[in-house]
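Fold and geometry: a report
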Amino acid sequence: MNEQRFCPHCGERIALDTEQQYCMFCGEPLVDFVPQAAFEPEPSYKPKWWQTLAATLFFSVMIGQLLLETLYPESLGLFGFFIPLIMAIGFGILLNGIKNRATFVALIIIIVIDLLFLLFIFLPAIPVYSSWAWMNDLFLVIRNFIIPLSSVYALALIARNNVLTGSCRAWLHILILGDILALFWSTLNFWFPQDDFISIGWTYPFAYIFMFNNTLLRVLFACSWWVVARSKAFGGPYNKETSCDFSPLNKYMAMTVIAPAILIPLMLLIFNYAEELINL
Amino acid sequence: MDIQDKITFFYTIEEKLWDKKVEANKYFATLCILCVALLGAWHTAGSFLNSALDWNTEISMLNALTFIVYLWGLNIAESVFSCKDIKTATLRSLLIFASFVAGYIAGVILGVIVIIVVCIILFILGCYFVLGMLSGSLKPKGKWKTDDGDIINGEKEWGSDIVHGDDGQDYKIKDPWGM
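Here we summarise the structure given alongside this text. (Residues numbered from 1 in each chain as written. Chains lettered and ligands numbered in written order. Predicted model: local features only at pLDDT ≥ 70, side-chain atom pairs only at ≥ 80, totals over all residues. Heavy atoms only, no water.)

Each helix and strand counted, chain B has five helices and four strands in total. Helices and strands in chain B line up, N terminus first, as α-α-α-α-α-β-β-β-β. Here the C-alpha atoms of chain B give a radius of gyration of 30 Å, more than 25% beyond the 16 Å that 2.2 N^0.38 yields for 179 residues. Going through the 179 residues of chain B one by one, you find that 37% of them count as buried. Sequence-distant contacts, at least 24 apart, represent 50% of the contacts inside chain B between residues at least 6 apart. Accessible surface, chain B as shown: approximately 10,500 Å² in total, 68% of it carbon and sulfur. (Helix = DSSP H or I, 4+ residues; strand = E, 2+ residues; numbered from the N terminus. Rg over C-alpha atoms; globule rule 2.2 N^0.38 Å. Buried < 20%, exposed > 50% of the residue type's maximum accessible area, 1.4 Å probe, protein only. Contact = heavy atoms within 4.5 Å. Areas by Shrake-Rupley, 256 points an atom, 1.4 Å probe, with all protein chains shown as cover.)

Attention now moves to the packing of helix α3 (residues 101-120) of chain A against helix α4 (residues 134-160) of chain A. Residue and element names in this part refer to chain A. Packing of α3 against α4 brings their axes to within 9 Å, and their N-to-C directions diverge by 155 degrees. In terms of their interaxial angle, α3 and α4 are classed as roughly antiparallel. As for the relative orientation of α3 and α4, their crossing is left-handed in sense. Contact residues: α3 offers A102, T103, V105, A106, I109, I110, I113, L116, F117 and F120, while α4 offers F139, I142, R143, I147, S150, S151, Y153, A154, L155, L157 and I158. Residues that form the contact of α3 with α4 fall into these classes: 17 nonpolar, three polar and one charged. (Axes fitted to C-alpha atoms, helices over the stretch in contact; angles between N-to-C directions. Parallel < 35°, antiparallel > 145°, perpendicular 65-115°, else oblique. Left-handed = near helix turned anticlockwise from the far one by under 90°. Nonpolar A, V, L, I, M, F, W, Y, C, P; charged D, E, K, R; others polar.)

Of note in this structure, D54 of chain B is not a glycine but carries a positive phi near 65 degrees. Take D54 of chain B: it is sitting in the loop between α3 (28-53) and α4 (61-82).

Now for the interface of chain B and chain A. Facing 32 residues of chain B, the contacting portion of chain A comprises 37 residues. Note on chain B versus chain A: buried area summed over both sides is about 3,300 Å², and carbon and sulfur give 81% of it. When the buried surface of chain B facing chain A is broken down by residue, L62, Y70 and F81 of chain B rank first, second and third, together holding 25% of it. For the pair chain B and chain A, the number of links is zero salt bridges. For the side of chain B that touches chain A, the secondary-structure elements that each account for two or more residues are α3 and α4 of chain B. In terms of residue count, α4 of chain B provides more of the side of chain B that touches chain A than any other element does, 17 residues in total. The residue inventory of the side of chain B that touches chain A, partitioned by class, reads 22 nonpolar, seven polar and three charged. (Buried area = accessible area lost by both parts, 1.4 Å probe. Salt bridge = Lys/Arg side-chain N within 4 Å of Asp/Glu carboxyl O.)

Residues and elements named next belong to chain B. A sheet is described by the order of its strands in space; here four strands give the open sequence β1-β2-β3-β4, paired in antiparallel fashion. The open sheet has two free edges, formed respectively by β1 (141-145) and β4 (170-172), since each of these has just one partner strand. Across the sheet, the mean angle separating the axes of adjacent strands is 55 degrees when strand polarity is ignored. Bridging between strand β2 (residues 151-156) and strand β3 (residues 162-165) involves three bridges; their strand directions are antiparallel. Opposite G154, over in β3, you have G165 as the bridge partner. (Pairing = 2+ DSSP bridges.)

What follows is about α3 of chain B. In this model, α3 of chain B (26 residues) spans 36 Å end to end at C-alpha, consistent with the 38 Å of a helix rising 1.5 Å per residue. Looking one or two residues beyond α3 of chain B, the residue adopting positive phi is D54 of chain B, at roughly 65 degrees. (Expected span 1.5 Å × (residues − 1).)

The values are spatial; any link to function lies outside them.
Right under this line is the structure:
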């Protein structure tokens, strides 16, 4: 605790650890004592230039991907190669200003994930009946389960090992929600094959509301990368001696497993029984 | 209370209820509630358009229910992340579910109101149109304005712009509807 406290009567500094009731200099009682820091607004953090550069990269790439997917889907074949590449470059820029070892590890994990997405572009080149077909399954497992889990682990490392403001932490939670969503969808596809969805009616016109919600969420993700990249976590300087918490047993990892595990049986119940209940 | 507090109304409410126990995102919960309200509005409007005009706009109750559960699950995860203790997280997720139900009902009612208002406006416009036609056709005898600007007495032929004048001549009139 580095905050300094001053006597309201004479203005002399008071040590924080002592439990004194009277000022040692003027003798006035300190009953109505209020710390000086309570009146000062939070010092606003001014982001470094590389943070703004990386944030601009993230925001423009994510919004550009969203616009291209809706307006000109044919271009995604080429652009899909550049999205993970530009994101990886952005995280590489952020490596400039890491604060501790945990943030470094988190950024390395995210960069490796983005480079793995580059590999996935070559996935359709593997024939289904070749002896390399097991690579398809391996890629699917990595993409559907390992990448969301490790991504949440990396983001939780950033959230738990840095002093962030409340709103910045809330934006980081939105990013973790995105990875939970990825895990949710891949697990849902595991339980329900695509045919069942169509027979249930998860199609037009319901798909439009779903796409609307999805678009809103993706705009939120772009905004949260903008906020998180410009936060204190990537503003330096690097401190080697900070003790970091690398444990994967935290509430973020727990909710990543629990949320799909509760939601999917619930949706299974609705799909199987609610139709009969509603049509009573 | 300025306009931004009204836009992010759920954040304002939860700030009043649990001041420093919750550090949630400003926009996420409110956006989810608005999405559910949109779903409710689509539910009524879609089934109305399906039954009236045979459009493929109907969504089943099953879809609506699964969508609400899906959004609620996301918000439960967000409450667990953002609340300081488990009691606040439980209360916040329950409040969000109640807001979802309220938003859905509000959306359904708003959908009904919008349909009724659109029907009333269409009815009034139709009345004006029909009355205009009738006033042009049911009053054939009277004063008419010709193309040249003269005013003559005569009887208009139904469905055309020709007036048989009282002096025996036929005139062409400017405004066949007589308005």
